[in-house]
Structures are given as C-alpha cells and as structure tokens.
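What follows is each chain in one-letter form.
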Amino acid sequence: VMDGDTIEALKDRKPVRIRLYGIDAPERDQDFGSKARKFTSEKVFKKIVEVKPVETDQYGRTVAKVYIDGKYLNQMIVAEGLAWWYKSYAEKDRDLELAEKEARDSKLGLWSHPNPVAPWKFRRQKASSRNVP
C-alpha cells in the first residue's frame with residue numbers, strides 16, 4: 001500500500017501499481033493521511049482482490065475499481081471519511097457520491113474537521129511553497 005488511494009497488487013507474480021478510481025485520499029503528511037493508508041492496508045494486505053480497470057493514468061498506473069470479497073474498496077475508504085470522492089474524475093459514480101455525502105453528514109474521519117483541505121489543494125499549496133524564493 002503506497003498510500004490511501006494507491007496499492008500494488010501482484011498479477012502473474014509481477015507487481016502492478018493501482019490508483020483507486022474516483023477517490024483522492026489525504027497525503028501522508030496531511031491530516032488523516034496515515035489513517036487512510038492504514039485503513040487501506042488493513043483491507044488489502046495479503047488479500048485476493050478483484051481489479052476492474054477503468055484507464056491508465058499519466059504515470060502508467062492502472063486506475064481501477066477494486067473489490068474485496070465483493071465489496072467496493074474505493075467506496076469503503078470514502079464511507080469511512082478517509083478520502084474525497086474525486087468528482088472531476090468519477091462524476092457518474094453514485095456509490096462514491098453517496099458514500100461521501102453520508103460521511104460528511106456523519107462527520108466521519110476527515111469530515112470531523114471544520115475545514116478539511118482536499119489533497120489536490122494540499123499538493124498545489126505544497127508545490128507553490130517550494131517555488132517561493
């Protein structure tokens with residue numbers, strides 16, 4: 001498990017990096033980043049997973065819906081309040097939309113904070129702070 005939304009699975013004894021479709025988990029050095037990674041790790045470590053590829057991203061990773069015992073992992077992470085529904089990439093995934101709404105309404109995980117910072121904004125802020133002389 002690389003982080004809350006990226007895993008590595010073995011296919012034909014070769015590692016395949018998988019970016020979980022439609023979600024964006026907090027970065028490691030962001031609030032709930034390590035919790036998201038731990039949650040994902042507990043769900044997939046040494047488990048057989050079903051990978052349903054959606055596309056390949058610009059980094060060559062397989063972007064996929066991942067299932068464990070028939071349960072949609074991507075949705076489970078969002079439902080725990082440990083990732084955002086990445087609406088701009090998965091606009092039509094109603095399972096993720098509903099999971100985020102319920103997590104927000106219940107103030108689970110990152111939604112327990114008054115103003116959680118989305119990972120894409122966090123990454124942008126971090127990058128711009130590195131570029132300041």
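Above this text is the structure in question.
Parameters and conventions
- Residues numbered from 1 in each chain as written.
- Predicted model: local features only at pLDDT ≥ 70, side-chain atom pairs only at ≥ 80, totals over all residues.
- Heavy atoms only, no water.
- Helix = DSSP H or I, 4+ residues; strand = E, 2+ residues; numbered from the N terminus.
- Buried < 20%, exposed > 50% of the residue type's maximum accessible area, 1.4 Å probe, protein only.
- Contact = heavy atoms within 4.5 Å.
- Areas by Shrake-Rupley, 256 points an atom, 1.4 Å probe, with all protein chains shown as cover.
- Lys, Arg positive; Asp, Glu negative; His and termini not counted.
- Charge placed at Lys NZ, Arg CZ, Asp CG, Glu CD.
- Core = buried A, V, L, I, M, F, W, Y, C linked by side-chain atoms within 4.5 Å.
- Expected span 1.5 Å × (residues − 1).
- Salt bridge = Lys/Arg side-chain N within 4 Å of Asp/Glu carboxyl O.
- Polar contact = N/O pair within 3.5 Å; in protein donor to acceptor, adjacent residues only side chain to side chain.

Draft legend 1. Fine view of the overall build of the chain. Tallying secondary structure elements over the chain gives 4 helices and 7 strands in all. In sequence order, the secondary structure elements of the chain are arranged as β-β-β-α-β-β-β-α-β-α-α. Across its three principal axes, the chain shows a C-alpha extent of roughly 45 × 40 × 25 Å. Residue burial in the chain is summarised as follows: out of 133 residues, 40% are buried. Residue pairs in contact within the chain that sit at least 24 positions apart in sequence constitute 58% of those at least 6 positions apart. Carbon and sulfur atoms make up 48% of the accessible area of the chain, which totals about 8600 Å². Across the chain, 27 positive and 21 negative side-chain charges occur, with their mean positions spaced 3 Å apart.

Draft legend 2. Here's a closer look at the nonpolar core. In terms of nonpolar packing, the biggest core is built from 32 residues, with Ile 18, Leu 20, Ile 23, Leu 73, Ile 77 and Leu 96 touching the most fellow members. Mapped by element, the contributors of at least two residues to this core are strand E1 (6-11), strand E2 (14-20), helix H1 (33-44), strand E5 (62-68), helix H2 (73-79), strand E7 (84-85) and helix H3 (94-106). Tallying contributions element by element places E5 first for this core, with 5 residues. Not counting chain neighbours up to four residues away, the residues in contact with Ile 77 comprise Gly 4, Leu 20, Ile 23, Phe 39, Thr 40, Leu 82 and Ala 83.

Draft legend 3. Region of the structure containing H1. Here H1 is 12 residues long and its end C-alpha atoms lie 17 Å apart, about the 16 Å a rise of 1.5 Å per residue gives. Looking at the packing, one finds that the buried side of H1 touches E1, E5 and H2. With its phi angle positive at about 60 degrees, Lys 46 sits one or two positions after the end of H1.

Draft legend 4. Quick peek at the pattern of salt bridges. Here the structure, examined in full by the defined rule, presents 13 salt bridges. Between Arg 17 and Glu 8 there is a salt bridge whose closest N-O contact spans 3.1 Å. Judged by relative accessible area, Arg 17 falls into the partly exposed class, the value being 37%. Among the salt bridges present, the one from Asp 24 reaches Arg 19, with a minimum N-O distance of 3.3 Å. Just as Asp 24 is buried, Arg 19 falls in that class too. It is possible to trace a salt-bridge network through shared partners that takes in Asp 5, Arg 19, Asp 24, Glu 27 and Arg 123.

Draft legend 5. Focus on the side chain of Thr 6. Here Thr 6 is to be found in strand E1. Within the structure, Thr 6 has its side chain in polar contact with the side chain of Asp 5 (distance 3.1 Å). Those residues in contact with Thr 6, other than ones at most four positions away along the chain, are Val 1, Arg 17, Ile 18, Arg 19 and Arg 61.

Take it as geometry only, folks, not as evidence of what the structure does.
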